[in-house]
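Report on the structure
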Amino acid sequence: MAVRRTLLLVTCLFACGTQRSDDAALGTSASGATGNQPAGSTSGVTPEASTGEPEAESSSGFADESTGDDPGTNFDLGAGPDAGPPPSVPGCPAVDFLFVIDNSISMLHYQENLQAAFPAFIDDIQSSLESVESYHVGVVTTDHYIYNQTQCQRLGALVTQSHAGVCGPYAEGHNFMTEADDLAASFTCASTVGNNGDMYEKPMAALEGALGQTWSAQDDQTPTTQFCNEGFVRDDALLVAVIVGDEPEGHSDASPGVPSTWYQSVIDAKGGQAENAVVLTITNGDACTPPLNDGGISAFADLFGDNGSKACIRDDFSASLGDSIDVITQACADFVPPG
């Protein structure tokens, strides 16, 4: 029995010494490659190997330490599923301002008030609407405007020649102003429409004509926009219509339609999106004390709800236009992109 014990002890010492020599040769001692093993541990040996079981091929996704190879599982998921285009930035990217100005005999003083108030108004608008990159500004009169270029002496045609002289084409070659123009100077020219216009004002027909409709045989049933207003109304712009006049819409030769049909014409021009249009009326109607009959123009503004604003033509135009800025700013924030 003593001999057998001696042989076993020698065999054990020989085997352990061989293992320690192999480890040293491989550089896997306590100060081996990982640098994180406690003294006395053996780097690169799996728990299965320490129990004497054969080392199985890894399927856990960790690299095989003996070769440094990754068995195939990739933790870099790469690009995620297509989430579509990034969300659009809130707000309207553009604004189209349409001024419908009465050019009848009693309007000269009011036109001057409007011109005096406009520079501060447009400055405040540009300061308030941070998302807006582009502006269109156009002027139409309440009759077939005789001072305009011949082919655009049509109801609803944008003014490029006025009582003050030649105003356009404007800076970018259009019949409407843009941010490239000196808007204060150009608007003063275009809005000096005079006071010798037709005594039967048709502001609502002029509004509809400017947006693409026509009502007069004099226009050969061809929309005014095809000749004179091309490119003015944009699908991706907030439309702001400002109607300025001191007489009622409702003479015997007045505009066709009623407030609801005028409203529908505006909404149709905006692709059915009521949120994308604002109306400001400056008349002798509901906003005045005492109010006078304005032939349904105030009722037309009411149909736009929060996007409708009414002011009295007898009041200071700076206040009238200034009060509308909050309405326009909120409408821009609520703008619904087309499509």
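Reference entry: report on the structure contained in this document. (Residues numbered from 1 in each chain as written. Predicted model: local features only at pLDDT ≥ 70, side-chain atom pairs only at ≥ 80, totals over all residues. Heavy atoms only, no water.)

**Details of the overall build of the protein chain**
Counting secondary structure elements, the protein chain contains 9 helices and 8 strands. Out of the 339 residues belonging to the protein chain, those deemed buried represent 42%. Taking the intrachain contacts of the protein chain between residues at least 6 apart in sequence as the baseline, contacts between residues at least 24 apart amount to 72%. (Helix = DSSP H or I, 4+ residues; strand = E, 2+ residues; numbered from the N terminus. Buried < 20%, exposed > 50% of the residue type's maximum accessible area, 1.4 Å probe, protein only. Contact = heavy atoms within 4.5 Å.)

**Considering unusual backbone geometry**
In the segment running from Gly168 into Pro169, the intervening peptide bond is cis, with an omega of 10°. With respect to the helices and strands, Pro169 occurs in the loop between β4 (165-166) and β5 (177-178). Geometrically, the link from Thr289 to Pro290 is a cis peptide bond, its omega value of -5° lying close to zero. Tracing the sequence through the fold places Pro290 in the loop between β7 (277-283) and α8 (297-302).

**Describing the pairing of strand β8 (residues 308-312)**
Inspection of the sheet shows β7 paired to β8 by 5 bridges, in the parallel sense. Across the sheet, Thr281 pairs through a bridge with Lys310, a residue of β8. Each parallel crossover has a hand, and for β7 linked through α8 to β8 it is right-handed. (Pairing = 2+ DSSP bridges. Right-handed = clockwise from strand over helix to strand, strands pointing away.)

**Let's talk about the packing of aromatic side chains**
For any pair of aromatic rings, the description rests on two quantities: the centre-to-centre distance and the angle between the ring planes. This model, assessed by the stated rule, comprises 12 aromatic pairs. Relative to Phe187, the ring of Phe118 has its centre 3.9 Å away and its plane inclined at 10°; by these criteria the two rings are stacked. Of this pair, Phe118 sits in helix α3 (residues 108-128) while Phe187 sits in helix α4 (residues 183-191); the two residues are 69 residues apart in sequence, bridging distant segments of the chain. Comparing Phe118 with Phe187, the two get one shared label, buried. Centroid distance Phe176 to Phe232: 5.5 Å. Interplanar angle 55°. Geometry classified as tilted. On the criterion of sequence distance, the pair formed by Phe176 in the loop between β4 and β5 and Phe232 in the loop between α6 (224-227) and β6 (237-244) is long-range, its members being 56 residues apart. (Phe/Tyr/Trp six-rings, centres within 6.5 Å; stacked < 30°, edge-to-face > 60°.)

**With respect to the nonpolar core**
The nonpolar side chains of a soluble globular protein tend to be buried with one another. Grouped together as the largest cluster of nonpolar side chains are 45 residues, with contacts concentrated most on Phe97, Phe99 and Leu238. Of all the elements in the fold, those that place two or more residues in this core are β1 (94-101), α3, β2 (134-141), α4, β6, β7 and α9 (317-333). Leu239, Ala241, Ile243 and Val266 belong to the second-largest nonpolar core, a separate cluster that totals 27 residues. (Core = buried A, V, L, I, M, F, W, Y, C linked by side-chain atoms within 4.5 Å.)

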